[in-house]
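# Coordinates in review
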Amino acid sequence: MDWSHYRFRTRWALPAPPTAVYDVLEQAEDYPRWWPQVREVNRIDDTSGVITIRSALPYDMVFVARAVRRDREAGVLEIAMSGDFDGWARWTITPRGPGSLVRYDQEVDVNKPLLRRFAVPGRPVFRANHWLMMRAGRRGLLAHLAGGHQAV
């Protein structure tokens, strides 16, 4: 087993319609406005940018995100990532009652030397760190969709 390989899946039930959620998630450069752990997004061109994230643990993760798929009708946004980790991430937004079900899937190999060094003992902590980041992202997105512009 490669202890530096991760697969994540997160689901968010949201009260907003899928098109509204898609429109917000498609604008990655705005994530820092509502998702506190997304520290910085610097656009390189129309399909890529450099993203810096930091959750509860005292380290930044920096990677280049490149759009692979943007399909509003299917509710799918997918990126390829390279840098402190290599892999992909995908948002899938589907109708759920009057709102949406948002699924986030991610598969990455961590390249950051410090995290690779502590891959085995740190794995549960790194997974918890990701969970905390996703929980805060849901809260921030809910507030943003409700008309607030501050992350909660």
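Not measured: the values here are computed from a predicted model. (Residues numbered from 1 in each chain as written. Predicted model: local features only at pLDDT ≥ 70, side-chain atom pairs only at ≥ 80, totals over all residues. Heavy atoms only, no water.)

The next point concerns the packing of aromatic side chains. Applying the stated rule across the entire model yields 10 aromatic pairs. An angle of 85° between the planes, with centres 6.4 Å apart, marks the rings of tyrosine 59 and phenylalanine 126 as edge-to-face. Of the two residues, tyrosine 59 is situated in the loop between strand S3 (48–53) and strand S4 (61–71) and phenylalanine 126 in helix H4 (residues 119–145); the sequence distance between them amounts to 67 residues. Here tyrosine 59 and phenylalanine 126 have matching classes, each one buried. Within the aromatic cluster, the residues linked to one another by ring pairs are Trp12, Tyr31, Trp34, Trp35, Trp91 and Tyr104. (Phe/Tyr/Trp six-rings, centres within 6.5 Å; stacked < 30°, edge-to-face > 60°. Helix = DSSP H or I, 4+ residues; strand = E, 2+ residues; numbered from the N terminus. Buried < 20%, exposed > 50% of the residue type's maximum accessible area, 1.4 Å probe, protein only.)

Our next topic: the pattern of salt bridges. For the coordinates displayed, the defined rule picks out nine salt bridges. Across the pair glutamate 29 and arginine 43 runs a salt bridge whose closest N-O atoms are separated by 2.8 Å. Here glutamate 29 is found in the loop between helix H1 (18–25) and helix H2 (31–34), whereas its partner arginine 43 is found in strand S2 (residues 38–43), with 14 residues between them in sequence. You can call arginine 43 partly exposed: its relative accessible area is 46%. The partner of aspartate 71 in a salt bridge is arginine 69, and the shortest N-O contact between them spans 3.2 Å. (Salt bridge = Lys/Arg side-chain N within 4 Å of Asp/Glu carboxyl O.)

Glancing now at the pairing of strand S1 (residues 5–14). Each regular strand carries side chains that alternate between the two faces of the sheet. Residues Tyr6, Phe8, Thr10, Trp12 and Leu14 line the buried face of S1, whereas the alternating positions His5, Arg7, Arg9, Arg11 and Ala13 sit on a face that is not buried. Sheet topology places S1 next to strand S7 (residues 99–110); 10 bridges connect them, and they run antiparallel. Opposite arginine 7, over in S7, you have glutamate 107 as the bridge partner. (Pairing = 2+ DSSP bridges.)

What follows is about the side chain of glutamate 107. Relative to the helices and strands, glutamate 107 is located in strand S7. A polar contact is formed between the side chain of glutamate 107 and the side chain of histidine 5, at a distance of 3.0 Å. Setting aside its immediate chain neighbours within four residues, glutamate 107 contacts His5, Tyr6, Arg7, Asp86, Gly87 and Trp88. (Polar contact = N/O pair within 3.5 Å; in protein donor to acceptor, adjacent residues only side chain to side chain. Contact = heavy atoms within 4.5 Å.)

Close contact between H1 and H4 brings their axes to 11 Å; oriented N to C, the two are set at 115°. Our classification of the angle between H1 and H4 gives roughly perpendicular. Like other packed secondary-structure pairs, H1 and H4 cross with a definite hand, here right-handed. In contact with Ala20, Val21, Val24 and Leu25 of H1, H4 contributes Leu141, His144 and Leu145. The class makeup of the residues in the contact of H1 with H4 is six nonpolar, one polar and no charged. (Axes fitted to C-alpha atoms, helices over the stretch in contact; angles between N-to-C directions. Parallel < 35°, antiparallel > 145°, perpendicular 65-115°, else oblique. Left-handed = near helix turned anticlockwise from the far one by under 90°. Nonpolar A, V, L, I, M, F, W, Y, C, P; charged D, E, K, R; others polar.)

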